[in-house]
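# Working through the structure, step by step
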Amino acid sequence: MNITDSRKILWNKAAKNGLVLGLFTAACRILAQIVAGAGIPTAGTAVLNGIIWLLQFGGCIWIMRFLMERLTRQFEGVDNRDTARYGRLLALTSSLIFAAAMLFDVLFISPETVDRQMDLYYQLYGQQLDENTRSALKTIEDWYPQIMFFSTWIYSWIYGVILASILSISVPKKDPFTNFMNHTTTDSSHE
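Here the structure is a predicted model, which is why all the values come from computation and not from measurement.

### Observations regarding the nonpolar core
The biggest cluster of nonpolar side chains holds 20 residues, and the ones touching the most others in it are Leu-21, Met-64, Met-68, Leu-71, Tyr-86 and Leu-90. Those elements that place two or more of their residues in this core are helix H1 (7-36), helix H2 (42-74), helix H3 (80-109) and helix H5 (131-168). Counting residues per element, this core draws most heavily on H2, which supplies six residues. Ignoring sequence-local partners within four residues, the contact set of Met-68 consists of Thr-83, Ala-84, Tyr-86, Ala-164, Leu-167, Ser-168 and Val-171. Counting residues in each nonpolar core, the second largest holds eleven residues, with Ala-26, Ala-101, Val-114 and Leu-137 among its members.

The following block contains the structure:
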């Protein structure tokens with residue numbers, strides 16, 4: 001089957017594989033929150049969170065590249081434009097899953113996260129805030145989960161689109177001599 005014949009195949013694969021990529025990213029982020037709240041000394045927490053961040057960053061790149069290469073092995077006729085399109089769809093679905101998981105975490109698993117972040121903000125800047133700014137922050141605090149959902153979704157999607165664009169340059173791998181060899185073979189057959 002040729003992948004260029006059906007966009008439905010790309011959407012289907014991107015939805016399924018986006019779930020995997022989104023859940024991996026969410027698991028890394030939740031693991032970092034668990035480490036931060038585990039009571040480990042500050043230096044240890046920073047080191048562990050750095051390792052988790054590297055795992056998340058490198059893992060997302062590796063998983064997306066793996067999924068794009070797998071698409072080229074499963075279907076014939078996949079070119080760089082198809083892998084770029086697939087990567088963008090994968091980024092869209094995985095970022096939606098990741099943002100939804102973070103929203104679920106903030107609303108149900110650890111709702112105290114919002115309170116901790118706002119308390120930290122008030123501690124740092126509380127003396128400099130007037131009454132209007134404090135009331136505006138209270139409104140933002142009430143809408144924080146929704147703001148976090150959309151900002152996470154947009155940020156993650158943009159990151160995924162950039163990553164897909166970069167990876168699609170080399171997926172599928174191109175043989176620079178294939179076109180040249182085919183061209184010289186056809187020229188010599190005309191003689």
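### Describing the packing of helix H4 (residues 112-125) against H5
It is at 10 Å that the axes of H4 and H5 come closest, and there the two elements cross at 160 degrees. In terms of axis orientation, H4 runs roughly antiparallel to H5. Viewed along their axes, H4 and H5 form a crossing whose handedness is right-handed. Along its contact with H4, which presents Val-114, Asp-115, Gln-117, Met-118, Tyr-121 and Tyr-122, the element H5 presents Arg-134, Leu-137, Lys-138, Glu-141 and Tyr-144. When its residues are assigned to classes, the contact of H4 with H5 shows six nonpolar, one polar and four charged.

Criteria and cut-off values
Each chain has its residues counted from 1, following the order in which its sequence is written. Only residues with pLDDT of at least 70 are given local features in this predicted model, and only at 80 or more are side-chain atom pairs given and counted; all residues enter the totals for whole chains, interfaces and linings. The basis for the side-chain values is all heavy atoms of the structure; hydrogens and waters are excluded. Each nonpolar core is a collection of buried residues, namely Ala, Val, Leu, Ile, Met, Phe, Trp, Tyr and Cys, held together in the definition by side-chain atoms within 4.5 Å. With a 1.4 Å probe rolled over the protein chains alone, any residue whose accessible area is under 20% of its type maximum counts as buried; one over 50% counts as exposed, and the rest are partly exposed. Strands here mean DSSP runs of E at least two residues long; helices mean DSSP runs of H or I at least four residues long; both are numbered from the N terminus. Residue contacts follow a heavy-atom distance rule, with two residues in contact if any of their heavy atoms lie within 4.5 Å. Orientation is described by axes fitted as lines to C-alpha atoms, over the contacting stretch for helices, and by angles from 0 to 180 degrees between their N-to-C directions. When describing relative orientation, an angle under 35 degrees is termed roughly parallel and one over 145 degrees roughly antiparallel, while 65 to 115 degrees is termed roughly perpendicular and anything else oblique. Left-handed describes a crossing in which the near helix is turned anticlockwise from the far one by less than a right angle; the clockwise case is right-handed. Under the convention adopted here, Pro, Cys and the residues Ala, Val, Leu, Ile, Met, Phe, Trp and Tyr are nonpolar, Asp, Glu, Lys and Arg are charged, and Gly plus all remaining residues are polar.

Limitation: the analysis is restricted to geometry and does not speak to function.
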